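Chain and residue survey
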Amino acid sequence: MEVFIFFLYAMILLPGTTGTVHEVKSFLNHTAYLSCYFPNSQKNDIKDLIVFWQKGLEVVHEVFYGQEKHDNISPEYKNRTKMDMDKWTLQLLNAGIVDEGLYKCIIQQRVKEIPSIIHQSECLLHIIANYSQPEIAWLHKGELKSNEYLKLCCSSSGGYPEPKQMTWLISHENRTHRLVNHMDISQDAVTKLYNVTTKLNTTVPPNTLTNISCLLHLGEELGSLVSVPLGIEIIQGEEIEQLKIHFFGPLIAVIVLITILLGFAILKNRTISCSNQSVSLAV
């Protein structure tokens, strides 16, 4: 009970921390490592110190002169914490989204039988849960025709924290266009994980291969996820007819030219034949 009194005493005297807040990231349901960042320049033995962690009004962990104590730990952290005394680091097992927040490490040393604080630090814990790879779904009904709007949907689920935005990448003819549409966000009431969706309505140029991808931006430090690209090409009937005309036109011209030449040759032969017949009659 004595340790708990010291804890409240320290909490009243130290409403804030003058040092840097260290940001820590941990994956969901993994172990989070929260360091005290204690330099221990005086080479103090942990058996001569009182070390405890707190989050708001909750007692997270206590080490009383080298012995871990569990009597005053808040129920949320029972059997979930242990301390690496060589590294002055608290291990929070099976970290969940509810564990996010600011943790304070306080180290006390007895001076003339009175506990005196010799170090304090703060860690801000962030929890990360991987989103699924974005998937593009086809919402268009029936066969897509030229000048019709293509309707697509892109979604990703089971992630944390809330993503920044979703971007459509539309590529054709060596050019890529970026389009940011509204992103629908929903959060599971139990798991606190997010599901995100965005939609696209766009036209696709005919007779050109168009690749469409969906990009999920998670933040500067977490990067982005991209979907498998969707390739679409609309073959327009009139173009095929033009290609056929362009292909058969020269062939028809050659045939006509050959016909004219043959006709001219036949006519010439007939003219020569008639001349020969005239000479014969004169003789």
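Whatever comes next refers back to the structure up there.
The following refers to the structure shown. Treat the numbers as computed from the prediction; the structure is a model and nothing was measured.

Time to look at the overall build of the chain. Along its length, the chain carries 2 helices and 18 strands. When the 283 residues of the chain are sorted by exposure, 36% land in the buried category.

Attention now goes to the sheet that holds strand β15 (residues 194-203). Strand order across the open sheet formed by 4 strands is β10-β11-β15-β14, with antiparallel pairing between neighbours. Two strands close off the open sheet at either side, each with one partner strand: β10 (135-138) and β14 (183-187). The average angle at which neighbouring strand axes cross in this sheet is 25 degrees, direction not considered.

This next bit is on the state of the cysteines. What is meant by a disulfide is a covalent connection between two cysteines, made through their sulfur atoms. Counting across every chain of the model gives 2 disulfides. Here Cys-36 engages in a disulfide with Cys-105; their sulfurs sit 1.8 Å apart. Taking the sign of the torsion about the S-S bond as the criterion, the disulfide between Cys-36 and Cys-105, at about 80 degrees, is right-handed. Placement of the pair is Cys-36 in the loop between β2 (32-35) and β3 (49-55) and Cys-105 in strand β8 (residues 101-111), with a sequence separation of 69 residues. Through a disulfide, Cys-154 is tied to Cys-214; the S-S separation comes to 2.2 Å. One disulfide, between Cys-154 and Cys-214, carries an S-S torsion of -95 degrees and so falls in the left-handed class. You can see Cys-154 sitting in strand β11 (residues 149-159) and its partner Cys-214 sitting in strand β16 (residues 210-219), a full 60 residues away along the chain. The exposure class of Cys-154 is buried, given its relative accessible area of 0%. Residue class for Cys-214 comes out buried when judged on its relative accessible area of 0%. No disulfide involves Cys-123; its sulfur sits 7.8 Å from the nearest other cysteine sulfur, which is in Cys-36. Its sulfur unpaired, Cys-153 is 7.1 Å from the next cysteine sulfur, which belongs to Cys-154.

What follows covers the environment of Pro-75. Relative to the helices and strands, Pro-75 is located in the loop between β5 (67-69) and β6 (81-84). Taking the C-alpha atoms as reference points, Pro-75 and Val-59, separated by 16 residues in sequence, lie 9.1 Å from one another.

Summed over all chains, the structure comprises 4 aromatic pairs. Here Phe-38 and Trp-88 contribute two aromatic rings whose centre-to-centre distance is 4.8 Å and whose plane-to-plane angle is 80 degrees, an arrangement assigned as edge-to-face. Placement of the pair is Phe-38 in the loop between β2 and β3 and Trp-88 in the loop between β6 and β7 (89-92), with a sequence separation of 50 residues. A residue is classified by how much of its surface remains accessible, and Trp-88, at 9% relative accessible area, is buried. Between the aromatic rings of Tyr-160 and Tyr-194, the centroid separation amounts to 5.8 Å while the plane-to-plane angle is 20 degrees, which identifies the pairing as stacked. With a gap of 34 residues between them, Tyr-160 in the loop between β11 and β12 (165-172) and Tyr-194 in strand β15 connect regions that are remote in the sequence. There is no split in this pair, since Tyr-160 and Tyr-194 are both buried.

Looking now at the layout of surface pockets. Computed from the structure, the largest pocket encloses a volume of approximately 230 Å³. For the largest pocket, the lining is made up of 14 residues, of which Lys-25, His-126, Pro-161, Leu-218 and Leu-222 are closest to its centre. Counting residues per element, the ones that place at least two in the lining of the largest pocket are β1 (21-27), β9 (114-128) and β16. For the lining of the largest pocket, the element with the highest residue contribution is β9, accounting for 3 residues. Split by residue class, the lining of the largest pocket holds 5 nonpolar, 2 polar and 7 charged.

Thresholds, definitions, all that
- Residues numbered from 1 in each chain as written.
- Predicted model: local features only at pLDDT ≥ 70, side-chain atom pairs only at ≥ 80, totals over all residues.
- Heavy atoms only, no water.
- Helix = DSSP H or I, 4+ residues; strand = E, 2+ residues; numbered from the N terminus.
- Buried < 20%, exposed > 50% of the residue type's maximum accessible area, 1.4 Å probe, protein only.
- Pairing = 2+ DSSP bridges.
- Axes fitted to C-alpha atoms, helices over the stretch in contact; angles between N-to-C directions.
- Disulfide = S-S within 2.5 Å.
- Phe/Tyr/Trp six-rings, centres within 6.5 Å; stacked < 30°, edge-to-face > 60°.
- 1 Å grid on protein atoms, 1.4 Å probe; cavity = no way out; pocket = protein on both sides within 12 Å on 5 of 7 lines; lining within 4 Å.
- Points joined across faces, edges and corners; volume = space filled by probe spheres on them.
- Nonpolar A, V, L, I, M, F, W, Y, C, P; charged D, E, K, R; others polar.

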